[in-house]
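A closer look at the structure
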Amino acid sequence: MGILTDQPGDDVADIFTDTGSGASGANQKWPQKIWLVRHGQSAGNVARDAAEAARLHLIDIADRDMDVPLSELGERQAQALANWFEALEPDQRPTVVLYSPYVRARETANAVIGRIGRDDLLTTVMDERLREKEFGILDRLTPLGIHDKYPELAEQRQHVGKFYFRPPGGESWCDVILRLRSALDTIVREYRGERVLIVGHQVIVNCLRYLLERMDEETILAIDREADVPNCGITEYRFDPTLGKRGKLALVQANFVAPLEDTGTPVTDQPDMPAAPKS
């Protein structure tokens, strides 16, 4: 189990500074639980795989990235995820569901909301800060297409690294992290003591882990290189009042896919489109 602890000398944002006088009740800063979930497999994931297998430069999908729905398998994955949350004891289920406005994330979140019951939730919120990383002019290009059409950008990305690289019209991981700091500020202000499910995208899961576990660039990129975040995989944090002076969030599990495996639903972990080779 990982423990989210302060690192001496860190210039940590205000949301990570405990201001209450105790670790429980009204003075508890954090939600009781946070689950981070990547959406189910999307039609874009499938199209990306087909384009790369055929060594094409462009991913053949007509929809805007934000309008790409779940694939048939992605719908099954979302239902398996919903079944798992429904099977939890009522006092262990999410009380708050936050999700990206992108269709594939909305469909995944709605599967869970429909199964556990909207009336049993404190709130459900579609939050644009949880959207996919914006790819700018690289949108819909395969790695081969990026190298062929924009070789200077491919070289720059290789030199700078994906954490800091910002394609024209798009975002770097740092840009995503900046908006997620704002989202966490809202979460600790409005949902302390609640059980919060966040449904987003691969980069959202990784960047929230970067913030919640107070990683550095090297650590989060090592995790990213090790494996892609599984579709409908669950990363869970639990508030532990015994940690630190006022209690802290502790990592319980990362990329947990038993809800899929237990129902015989195939596990997939294709990168979101587009993407260059991992670095």
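Residues numbered from 1 in each chain as written. Predicted model: local features only at pLDDT ≥ 70, side-chain atom pairs only at ≥ 80, totals over all residues. Heavy atoms only, no water.

**So, the packing of helix 6 (residues 173–190) against helix 7 (residues 202–212)**
For the pair helix 6 and helix 7, interaxial distance at closest approach is 9 Å and the crossing angle is 65 degrees. With respect to helix 7, the element helix 6 is oriented roughly perpendicular. Here helix 6 runs over helix 7; the crossing is right-handed. Residue-level inspection shows W173, V176, I177, R179, L180, R181 and L184 of helix 6 in contact with helix 7, the latter providing V203, I204, N206, C207, L208, Y210, L211 and L212. (Axes fitted to C-alpha atoms, helices over the stretch in contact; angles between N-to-C directions. Helix = DSSP H or I, 4+ residues; strand = E, 2+ residues; numbered from the N terminus. Parallel < 35°, antiparallel > 145°, perpendicular 65-115°, else oblique. Left-handed = near helix turned anticlockwise from the far one by under 90°. Contact = heavy atoms within 4.5 Å.)

**Re the packing of helix 7 against helix 8 (residues 217–226)**
With their axes 10 Å apart at the nearest point, helix 7 and helix 8 run at an angle of 145 degrees to one another. The interaxial crossing formed by helix 7 with helix 8 has right-handed handedness. On the side of helix 7, the interface is formed by N206, R209 and Y210, while helix 8 contributes E217, I220, I223 and D224.

**Focus: the nonpolar core**
With 33 residues, the main nonpolar core has L36, L98, L180 and I198 as its most contacted residues. Elements that contribute at least two residues to this core include exactly strand 2 (33–38), strand 3 (96–99), helix 6, strand 5 (195–200), helix 7, helix 8, strand 6 (234–240) and strand 7 (248–256). Looking at which element gives the most residues to this core, the answer is helix 7, with eight residues. Filtering out sequence-adjacent residues up to four positions away, L98 remains in contact with V125, L130, I187, Y191, V196, L197, I198 and V199. Listed in part, the 22 residues of the second largest apolar core include W35, F85, V112 and I116. (Core = buried A, V, L, I, M, F, W, Y, C linked by side-chain atoms within 4.5 Å. Buried < 20%, exposed > 50% of the residue type's maximum accessible area, 1.4 Å probe, protein only.)

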